[in-house]
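Listed here are the chains, written in short residue letters.
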Amino acid sequence: MAKYTIKTIFHGPLINPTSLLSFDTIPKCLVGVNSDGNIAWIERDVSDGQVKEAMDRKGHLHSDGLEVEVIELKEGQFIMPGFIDTHTHAPQVPNIGTGYRYELLEWLEKYTFPLEAQFADVEYAKKVYPEIVKRFIQCGTTTCCYYSTIHLASSKVLADIVHSVGQRALIGKCNMDRHCPEYYREESAQRSVEDTRAFIKYVEPLPLVYPVVTPRFAISCSRELLAGLGELANAASTSPLHIQTHISENPSEVAWAGELFPECKNYASIYDKYHLLRRGTILAHGVWLDEDEVALIQERGSGISHCPTSNFNLKSGVAPVGRYLDCGVKVGLGTDVSGGFSPSMLVTMRNASIASTVVALGHQHGRLNCATSGSTSTYDHGSNSGFSGSPLALATLFFLATLGGAQVCALEDRIGSLDVGKAWDALIVDLQEGSNPALWSQESEEEERNNLAHQLERFIFCGDDRNVYGVWVQGRLIGGTSFVEGSK
Ligand SMILES: O=c1[nH]c(=O)c2nc[nH]c2[nH]1
Ligand SMILES: [Zn+2]
């Protein structure tokens, strides 16, 4: 095994997701991070007076004569894994907050395609992408799964920027060869596949950037294109490529997809037919999936990116996430900018909470008029049973935004929680930073202040980027309020 020396040691409270229903809180944790950016060791319950002794015991204090940086957390700060945004559109950020009087298909035509078409100009991409990526990082997103546009050159620009600033990212050059305006359409299925192949090759040497095969959605892809992309996605012999697409977001879209592919039993079967449904496939939305589709997605090991903010804005519906969890489907969260109006995963978690409450209230009142009309009782409730019918718990929201997202991206061995051997993709959250009065208005008892679960809840429900003190990816500080650009 390669030997790395310890580069940084963190000491303070740590909150770690452990399952859909639980998280670990360690008030005095000591963590050693190697120079390769991976976690070397974690010592629980190390009091202030025991830090030096614990470090000596680890024998890393004077390793190779290199200075070890010790980061001692201040009161009101805690460590947690960085957020994983499993679905968003980098080029749509300039449109944030506009067009929400439309539903999906009209919104695409009137707002989204015209903006994305501007990225044919690579200079425009160079101008806007740096700020866009920074914005996601400042929200505490350590791994982001981005759609770019159909343009190869601009997609490369996005990959270069992500690489230079050090965010971990999954990036897909978008594929579409039909049912989109002529000014924003790839010239042929063959060209689309070739450009995707070129993009994959370009990204290969960038260690934290993962290329993603990205058919926009079934509607905008011919059979030939889907077949070509399926072949490409499954050709790699070593680590299989990621795949991302949209599925079953809006009733009109579902109906149109059905008309375009009458030979397929349902929406999910279209992707399955072209070998695009497997582990490492990220399916955005999944609001209107029927029972067969949910079973198929679970069987194939694909994951759903739940994008509640977007689903509310575009009036798409409310995804029955609890039902999916009960069926053992992997679920993560996505900001889906600019269907979603915020790049913040905190906002997404809040909307996921509200969406799950809406679904639960529908159950209570017997009005299953969201996307919940499929009977839940026919599902085989496995070990995860009991999510449908109730609002998502704090632990579940935390899990979906971190380790659940990692599972959806098939990266759970590397990221999503802070464990030995995994990457130091972490945040220091500071609840005193930014003087957000909402954070402290209820805080009277010292005991509560020390209650980490309580602090996590406050951060999720009323925190913002002022409370993101530090953002580390693979051991490198890349953002947060403490980050000074160009410092390291
Ligand atoms: O929310 C969405 N945003 C998009 O850009 C898109 N394209 C197809 N389907 C989509 N849904
Ligand atoms: Zn989307």
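From a predicted model like this one, the values you see are computed outputs, not experimental measurements. (Residues numbered from 1 in each chain as written. Chains lettered and ligands numbered in written order. Predicted model: local features only at pLDDT ≥ 70, side-chain atom pairs only at ≥ 80, totals over all residues.)

Participant: Whenever I open this one, the domain arrangement of the protein chain confuses me. Can you help?
Facilitator: For an interface, size is often stated in terms of accessible area lost upon the parts coming together. Each assigned domain of the protein chain is listed with its residue range as follows: domain 1 (6–81 + 418–479) and domain 2 (83–144 + 233–408). Listed per partner, the contact involves 21 residues of domain 1 and 21 residues of domain 2. Mapped onto the side of domain 1 that touches domain 2, the elements with two or more residues apiece are strand S1 (6–19), strand S2 (22–34), helix H17 (452–462), strand S16 (468–473) and strand S17 (476–479). Considering every element that reaches the side of domain 1 that touches domain 2, the biggest residue donor is H17, with four residues. Among the residues forming the side of domain 1 that touches domain 2, the class breakdown is 13 nonpolar, four polar and four charged. (Domains from an automatic or database assignment. Contact = placed C-beta atoms within 7 Å. Helix = DSSP H or I, 4+ residues; strand = E, 2+ residues; numbered from the N terminus. Nonpolar A, V, L, I, M, F, W, Y, C, P; charged D, E, K, R; others polar.)

Participant: Even after reading the chapter, I still don't get the environment of Lys156, so can you show me in this structure?
Facilitator: Inspection of the secondary structure assignment puts Lys156 in helix H4 (residues 152–165). Judged by local crowding, Lys156 falls into the partly exposed class, with 19 C-beta atoms found within 10 Å. (Buried ≥ 20, exposed ≤ 12 C-beta atoms within 10 Å, placed from the backbone.)

Participant: Honestly, the nonpolar core in this entry has me stumped. Any pointers?
Facilitator: Looking at soluble globular proteins, one finds that nonpolar side chains tend to be buried together. Counting residues in hydrophobic clusters, the biggest one holds 129 residues, and the most contacted among them are Tyr146, Leu158, Ile171, Ala401, Cys409 and Val429. Taken together, domain 1 (6–81 + 418–479) and domain 2 (83–144 + 233–408) each give at least three residues to this core, which thus spans both. With near-sequence residues (within four places) excluded, Cys409 lies in contact with Ile84, Thr86, Thr143, Cys145, Leu170, His242 and Ile282. (Core = buried A, V, L, I, M, F, W, Y, C linked by C-beta atoms within 7 Å.)

Participant: Would you mind going over the site of ligand 1 with me for this structure?
Facilitator: All residues in the neighbourhood of ligand 1 are listed as His89, Leu104, Leu108, Thr112, Arg216, Phe217, His246, Glu249, Ser310, Asp336 and Gly339. Looking at which element gives the most residues to the shell around ligand 1, the answer is helix H2 (residues 104–117), with three residues. Each residue belonging to the shell around ligand 1 can be placed in one class, and the counts come to three nonpolar, five polar and three charged. (Near = placed C-beta within 6 Å.)

Participant: Explanation requested: the pairing of strand S11 (residues 242–247) in the structure shown.
Facilitator: Regular strands place their side chains on alternate faces of the sheet. Most of S11 sits inside the fold, with six of its six residues counted as buried. With burial as the criterion, each face of S11 is covered, one bearing His242, Gln244 and His246 and the other bearing Ile243, Thr245 and Ile247. Two strands pair when backbone bridges link them, and strand S10 (residues 209–215) and S11 are joined in this way by two bridges, in the parallel orientation. Each residue of the ladder has a partner; that of Val213, found in S11, is Ile243. By the bridge criterion, five bridges tie S11 to strand S12 (residues 281–285) in an arrangement that is parallel. The partner of Thr245 across the bridge, within S12, is Leu283. (Pairing = 2+ DSSP bridges.)

Participant: Where do I start with the packing of H4 against helix H5 (residues 189–203) in this structure?
Facilitator: Working note: a packed helix pair is described by the angle between its axes plus the distance between those axes. Contact geometry of H4 with H5 gives a least axis separation of 10 Å together with a crossing angle of 20°. Looking at the two axes, H4 sits roughly parallel to H5. Seen along the crossing, H4 lies across H5 with a hand that is right-handed. On H5, the residues touching Leu152, Ser155, Lys156 and Ala159 of H4 are Asp195, Ala198, Phe199, Tyr202 and Val203. (Axes fitted to C-alpha atoms, helices over the stretch in contact; angles between N-to-C directions. Parallel < 35°, antiparallel > 145°, perpendicular 65-115°, else oblique. Left-handed = near helix turned anticlockwise from the far one by under 90°.)

Participant: Got a minute to help me understand the packing of H5 against helix H6 (residues 223–235) in this structure?
Facilitator: Taken N-terminus to C-terminus, the directions of H5 and H6 make an angle of 25°; their axes are 9 Å apart at the nearest point. With respect to their mutual orientation, H5 and H6 come out roughly parallel. Of the two possible hands of crossing, H5 and H6 adopt the one that is right-handed. Together, Ala189, Ser192, Val193, Thr196 and Arg197 of H5 and Glu224, Leu225, Gly228, Leu229 and Leu232 of H6 make up the contact between the two elements.

Participant: What exactly am I supposed to notice about helix H3 (residues 122–138) here?
Facilitator: Since the α-helix packs 3.6 residues into each turn, any two residues three or four apart lie on the same face. Counted at 1.5 Å a residue, the expected span for H3 with its 17 residues is 24 Å, and the 25 Å between its end C-alpha atoms agrees. Its axis deflected by about 35° at Val128, H3 carries its strongest bend there, up to four residues before the proline Pro130. Taken together, the buried positions of H3 are Ala125, Tyr129, Ile132, Val133, Phe136, Ile137 and Gln138. Here the buried face of H3 lies against strand S6 (83–89), strand S7 (141–147), H4, S16 and S17. Looking one or two residues beyond H3, the residue adopting positive phi is Gly140, at roughly 95°. (Expected span 1.5 Å × (residues − 1). Bend = angle between axes of the 7 residues up to and from the residue.)

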